[in-house]
Amino acid sequence: MSIDEQIKEYFAAQPEPKRSDMKELHRTILNVMPKCRLWFLDGKDDSGKTVSNPNVGYGTRTIKYTNGNAREFYQIGISANTTGISVYILGIEDRKHLAQAYGKELGKAKITGYCIKFKALSDIRIETLKAAIRYGIDQTTI
């Protein structure tokens, strides 16, 4: 199954209104990153054990580990969770930046070092979310 098909299947499995919100968020991110590589991670490790929620990724960045190893991973990710949707903005060094720069303007969301969680798209300002995503992209392309 192609990545596009896996993403469509993942979105289709979500209950409404989360399904529509995930599809709209997907379109929004693709508008910000039109030529990005798409990823789909089913949330399972190599042994088949579930270790996270499935997630959709956008873009490419290199993660460097302290042991010297490196691997490709996505820049921006989205995932359905039990209470709503999570948006992951990876590669930001300052773990306080997202909350400080976008927290007041974003709306009803919980912001951690690299994750923005919200119940529904209608709870947040999409333009502010796009600005946070653009900031994350700029950080990983330096």
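The preceding data block contains the structure.
Keep in mind it's a predicted model, so treat the numbers as computed, not measured. Each chain carries its own residue numbering, running from 1 in the direction its sequence is written. With pLDDT at 70 or above as the cut-off, local features in this predicted model cover only qualifying residues; side-chain atom pairs require 80 or more to be listed or tallied, and sums for whole chains, interfaces and linings still use all residues. Water and hydrogen atoms were dropped before computing side-chain values, which therefore reflect all heavy atoms in the structure.

Here we look at unusual backbone geometry
Part 1: The linkage connecting Glu 16 with the following residue, Pro 17, adopts the cis geometry, with an omega of 5°.
Part 2: Along the chain, Pro 17 turns up in the loop between helix 1 (3-12) and helix 2 (18-32). The way it works is that DSSP assigns letters per residue, a run of H or I at least four long becomes a helix, a run of E at least two long becomes a strand, and they are numbered from the N terminus.

Some details on the pattern of salt bridges
Part 1: Should a side-chain nitrogen of Lys or Arg be within 4 Å of a carboxyl oxygen of Asp or Glu, the pair is scored as a salt bridge. This structure, assessed with the given rule, holds three salt bridges.
Part 2: The partner of Arg 19 in a salt bridge is Glu 16, with the nearest N and O atoms 3.3 Å apart.
Part 3: You can call Arg 19 partly exposed: its relative accessible area is 25%.
Part 4: Relative accessibility decides the category of a residue: with a 1.4 Å probe and only protein chains considered, values under 20% of the type maximum give buried, values over 50% give exposed, and everything between is partly exposed. With relative accessibility at 44%, the residue Glu 16 sits in the partly exposed group.
Part 5: For Arg 27, the salt bridge is made with Glu 24, and the minimal N-O distance between the two is 2.9 Å. Placement of the pair is Arg 27 and Glu 24 together in helix 2, with a separation of three residues, close to one helical turn.

Things to note about the packing of aromatic side chains
Part 1: Stacked, tilted and edge-to-face are the three classes applied to pairs of Phe, Tyr and Trp rings, where Trp contributes its six-membered ring and a pair requires centres within 6.5 Å; stacked means planes under 30 degrees apart, edge-to-face means over 60, and tilted covers the rest. Enumeration according to the criterion identifies seven aromatic pairs in this entry.
Part 2: With 6.4 Å between their ring centres and 75° between their planes, Trp 39 and Tyr 74 make a pair best called edge-to-face. Placement of the pair is Trp 39 in strand 1 (residues 38-41) and Tyr 74 in the loop between strand 4 (70-73) and strand 5 (76-81), with a sequence separation of 35 residues. Summarising the burial analysis for this pair, Trp 39 and Tyr 74 share the class buried.
Part 3: In this structure an aromatic cluster arises from ring pairing among Tyr 10, Phe 11 and Phe 40.
Part 4: For a Lys NZ or an Arg CZ to count as sitting over a ring, it must be within 6 Å of the ring centre and within 35 degrees of the ring normal. Geometry around Trp 39 places Arg 37 over its ring, the cationic atom sitting 3.7 Å from the centre.

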